[in-house]
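# Chain and residue survey
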Amino acid sequence: MKKNKVLVVGWDSADWKIIDKLMANGLMPAIKSIVDNGVRGKLATIDPPLSPMLWTSMATGVRPFDHGVLGFVEPDGQGGVRPVSSYSRKVKAIWNMLSIEGYKSNIVGWWPSNPVESINGCMISNLFHQEKVGKEIVEIADWKIPEGSVYPERLIEKVKDLRVHPYEITGNLIMPFVPQAVALDQKQDKRLNVIAKLLAHATTVHATATELMTTEPWDFMAVYHDAMDHFSHAFMKYHPPQMKGITDEAFNLFKDVVIGAYIYHDMMLDRMLKLVDDDTTVMVISDHGFHSDHLRPTHVPQVPSGPAIEHAPYGVIAIKGPGIKKGESIYGSSILDITPTILSLFDMPIGRDMVGKPLVDIYEKEKKINYIDSWENKKESGGEIVIPKEQDTDLNDTALQQLIDLGYIDDLNAPHQDAENYLKGIINENNFYLAKSYATAGKYEEALEILLEIENKEKPDFRILIEAINCAVKTKRFKLAEEYLNFVRKNKLMNAGYIDVLESKVQLGLNRPDNAYKLLQSALKENPDAIEILLDMGRLLNNMRDSKGAIQSFERIIKKDPENPYAYHGIGMAYLQQGEYEDAISYFLDAIDRLYHYPLAHFHLGEAFALMKMYDPAIKSFEVVETMTQNIPKVYRWLLDLYEIIENQEKIEHYRKLVSYFRRGQRKIITGLATEKVEKYIEDICSSGSTVSGYESHLYDITFNVSQANWLDDLSSEYVYVPLNYLPSLNGLNSYQIYFIEDSVEEAMNYSHKINRIRANSIDLSLLADLDKQITVANSWISQQPNIDLIRI
Amino acid sequence: MGGQKNVIRNQKGDEYIVPPGGSLGLLALGSVGVRAWKKAKKEWEDSQNQQVEKK
């Protein structure tokens, strides 16, 4: 029986913004044929967006802290460093899983895949085409096949003549990228050499891949091209529209390079499509996108991996083949979903320990998905690393030099470097990426632990400090965050505006929104158009229930970046809080339209529908959230409530189980403006033998801090007094019986005067307005919660 | 170029002359294109060398 095959083509940093324009002009017909006859979607990347980490996540289905590939370089175990290699990977890759099941794989150029593995099939590593020794390019006659770059060895004879050396690249081949190449002084200007090198690399990968496709048996073929990313880093600044600071001459010379690179990749894809039959599933993917418009940064930070600032958060995915939908879009895909999806194409089980999910929406018919606990439990390895007979130091030096040239790592030969410190720096750098990987997965404790270990105040690194402050805020270690902030401020390690932004997060965590507001205002004075600061400001104003101000802030973002999904979500939140649900829905849909994989937007859309009593769309929205994340347990509570309303017993049972899994039980809360009535009510409860926590300190509300971790759990009495303005800080894990002691704002003002020993009957208009606002906000919040029983007293 | 022309055939059987300077279309053909180009380039270089020697 004829078996279905799967071909995966990886284009590092390919971005739909460019592809769509070229497809519309008929310039990328091959990818268009996949899009027209298959499905397309955005592929969300993960942080940090560094290619070796990302492509390993794509090939394993797990995050970097699980797969072990943590950057561009790694210690070589002999006191030096080498380019990141297959040695670092701690888990099985897709080609190992396929080998175990008896499928043949041909893998070409995957980053990292050197040294190669003894898989069931063939492997050509990412270092196969290196043409330098250290900084020097070797002559064609002296160009050796690197040790450990080809498996099985018999292939060397077959592929050795397929490598293209940059010196072989002729004017004919350069001209489509730079039509006026002859006008350049090539002795002075090395940019044509860059094009020659990238073109030679891409051509070598492609020639080798097509050779294996046509002469070696295979079930799975994966080809990875890094050239598109390197072309983009070198030439995107010249891509139209002309950026500020780029001269007319440079713009006119190099404006076609990125377009040329995309078209050439499409030509290579076209050839591959001609070499497969209709029973082959073809998948084109990229690990992240690349900013090509007004979002291009004007400055690339001079730090390791600084160029990654040019990466956009969404790559591409396009799939066609037997049983795959035609002409449709898929949503919510992430790079972590690639391996589970390939496994599903082969009807192989998916490891429950994989973070990604199979993209079942690609299939025309419902696909049955099988699971196993873990591929790591299989005794067979599916391919061992073929350890080279000799350590090829030249090869390592060459690959390291390429990374230095690209700006991804520091130069060991720079005047300030010595070998020991360099190694230490590399280990720290990788640990920083490890911490970022943990933080991205919401594992802030683990991230902070690493950051505290690598942070060195004698050699401060602002990236580590920023991440440490963010993680300290997330784990509610505000003192630590403040300590770092003071250090950063004292040593002027960052632009003052950015320090203000960080401090505003701490102040917000400490529940001091007014301080946070002042800091963001000051940051905006320095950076009036900074989208991130405007987002923080809008969110803060939403928290402070200043909907008008929040909307203004988000609208400023939309003016600058009409595609910013977070701004639309923010405006939706402002309307939701005001109870204007129709407007809220419209903005949440706008946000989702721009970014489908946005669980919070779906969640709030669900809330808006539920509050409008539109139960079916509400359920649909919450169920979408459920597929995207398990970090919003309140969604299960909503679904339980909604299924109770529409009386679906089966679902009620299902969600009741989930709610009870997450629920920490019911708490009794006493709230209300601080007045004598509240004081009296609490005294009555206490005299009846019940206990009330929070009363002594919170009623007078001087030091109360709801932002402390687990503050509610610490208050273990039968009742807890929570000041009215802190009600929205109650978490979604408990359900609450709220005793709302109602009284007038005048009584609350008098009580406040009494506590603060201010003369009775004096009127403080701003206090009155504030108390009024507290009542409005609390009522609005209570009305929007699914987990509250309210008793008004 | 040398006496025998370097040609590459498509699926219909049409023949194309392989330019020694190469072309992106040729390289995009993969292994077939790269081999044909390298052959044409080598023959052209050899013929150039022969001409120099004759002079």
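Because the structure is predicted, anything quoted here is derived from the model rather than measured.

### Side note on the overall build of chain B
The helix and strand inventory of chain B stands at two helices and two strands. The principal-axis extent of the C-alpha atoms belonging to chain B is close to 40 × 20 × 15 Å. When the 55 residues of chain B are sorted by exposure, 25% land in the buried category.

### With respect to the packing of helix α20 (residues 531-543) of chain A against helix α22 (residues 565-578) of chain A
Residues and elements named next belong to chain A. For the pair α20 and α22, interaxial distance at closest approach is 10 Å and the crossing angle is 10°. As summarised for this structure, α20 and α22 are arranged roughly parallel, according to the angle between their axes. Two secondary-structure elements touch here, α20 through L535, G538, R539 and N542 and α22 through Y566, A567, G570, M573, A574 and Q577. Classifying every residue of the contact of α20 with α22 by side-chain character gives five nonpolar, four polar and one charged.

### As for the environment of A584 of chain A
Residues and elements named next belong to chain A. Looking at the secondary structure, you find A584 in helix α23 (residues 581-594). The exposure class assigned to A584 is buried, which follows from the 26 C-beta atoms found within 10 Å. Between the C-alpha atom of A584 and that of A574, which follows or precedes it by 10 residues, the distance is 7.6 Å. Setting aside anything within four residues of it in sequence, one finds A584 in contact with G572, Y575, L576 and A608.

### Regarding the domain arrangement of chain A
Each assigned domain of chain A is listed with its residue range as follows: domain 1 (5-377), domain 2 (418-661) and domain 3 (666-792). One C-alpha centre belongs to domain 1 of chain A, the other to domain 3 of chain A; they are set 57 Å apart.

### Observations concerning the interface of chain B and chain A
Counting residues at the interface gives 14 residues for chain B, matched by 17 residues for chain A. Of all the secondary-structure elements, those providing two or more residues to the side of chain B that touches chain A are α1 (24-27) and α2 (31-54) of chain B. Looking at the side of chain B that touches chain A element by element, the count peaks at four residues for α2 of chain B. The class makeup of the residues in the side of chain B that touches chain A is six nonpolar, six polar and two charged.

### Concerning the nonpolar core
All names here are of chain A. Counting 216 residues, the largest nonpolar core has I31, V257, V284, L520 and L639 as its most contacted members. In terms of residue count, the dominant contributor to this core is helix α8 (residues 191-215) (11 residues). Both domain 1 (5-377) and domain 2 (418-661) contribute no fewer than three residues apiece to this core. Leaving out residues up to four positions away in the same chain, I31 has contacts with I19, M23, D266, L269, V284 and A318. Grouped together as the second largest cluster of nonpolar side chains are 25 residues, L724, L730, Y739 and M749 included.

### Here's the deal with α8 of chain A
With 25 residues, α8 of chain A should cover 36 Å at 1.5 Å per step; its first-to-last C-alpha distance of 36 Å lies within 8% of that length. Within α8 of chain A, 19 of the 25 residues are buried, which leaves the element mostly enclosed by the surrounding structure.

### Observations regarding the sheet that holds strand β21 (residues 735-740) of chain A
Spatially, five strands are ordered β19-β20-β18-β21-β22 (chain A) in an open sheet, and the strand pairing comes out parallel. Looking along the sheet, the strands with just one partner apiece sit at the ends: β19 (692-693) and β22 (788-792) of chain A.

### Looking at the pairing of strand β10 (residues 220-225) of chain A
Residues and elements named next belong to chain A. Of all six residues making up β10, six are buried, and the element is well covered by its neighbours. A two-sided burial pattern is seen for β10, the buried positions comprising F220, A222 and Y224 on one face and M221, V223 and H225 on the other. Note that strand β1 (residues 5-11) and β10 share six bridges and pair parallel. Bridge pairing in β10 places L7 opposite M221.

### Notes on the environment of D641 of chain A
Residue and element names in this part refer to chain A. Summarising the element assignment, D641 is placed in helix α26 (residues 634-646). Given 18 C-beta atoms within 10 Å, D641 falls into the partly exposed group. As for D641 and A439, which are separated by 202 residues in sequence, their C-alpha atoms are 32 Å apart.

### Observations regarding the sheet that holds strand β2 (residues 39-44) of chain A
Residue and element names in this part refer to chain A. A sheet is described by the order of its strands in space; here nine strands give the open sequence β9-β6-β5-β10-β1-β11-β14-β2-β15, paired in mixed fashion. One side of each edge strand has no neighbouring strand; the edge strands of this open sheet are β9 (150-151) and β15 (328-334). As judged from the six bridges shared by β1 and strand β11 (residues 280-285), these two strands associate in the parallel manner. What sits directly across from G10, in β11, is I285. Packed onto the sheet, helix α2 (residues 29-37) meets β2, β11 and β14 (314-320) and runs at close to 70° relative to β14.

### Focus: the confidence of the model for chain B
All names here are of chain B. When pLDDT is averaged across chain B, the result is 84; 91% of the residues are at 70 or more. Across chain B, the secondary-structure element scoring lowest on mean pLDDT is strand β1 (residues 7-9), at 80, and the one scoring highest is α1, at 95. With a pTM of 0.81, the predicted complex shows an ipTM of 0.89.

### Description of the packing of α8 of chain A against helix α11 (residues 257-274) of chain A
All names here are of chain A. Orientation of α8 relative to α11, taken along the N-to-C sense of each, is 10°, at an axis distance of 11 Å. Between α8 and α11, the interaxial angle falls into the category roughly parallel. Along its contact with α8, which presents I195, A202, H206 and T210, the element α11 presents V257, Y264, M268, R271 and M272. Class assignment of the residues belonging to the contact of α8 with α11 gives a composition of six nonpolar, two polar and one charged.

Cut-offs applied
- Residues numbered from 1 in each chain as written.
- Chains lettered and ligands numbered in written order.
- Predicted model: local features only at pLDDT ≥ 70, side-chain atom pairs only at ≥ 80, totals over all residues.
- Helix = DSSP H or I, 4+ residues; strand = E, 2+ residues; numbered from the N terminus.
- Buried ≥ 20, exposed ≤ 12 C-beta atoms within 10 Å, placed from the backbone.
- Axes fitted to C-alpha atoms, helices over the stretch in contact; angles between N-to-C directions.
- Parallel < 35°, antiparallel > 145°, perpendicular 65-115°, else oblique.
- Contact = placed C-beta atoms within 7 Å.
- Nonpolar A, V, L, I, M, F, W, Y, C, P; charged D, E, K, R; others polar.
- Domains from an automatic or database assignment.
- Core = buried A, V, L, I, M, F, W, Y, C linked by C-beta atoms within 7 Å.
- Expected span 1.5 Å × (residues − 1).
- Pairing = 2+ DSSP bridges.
- pLDDT = per-residue confidence, 0-100.

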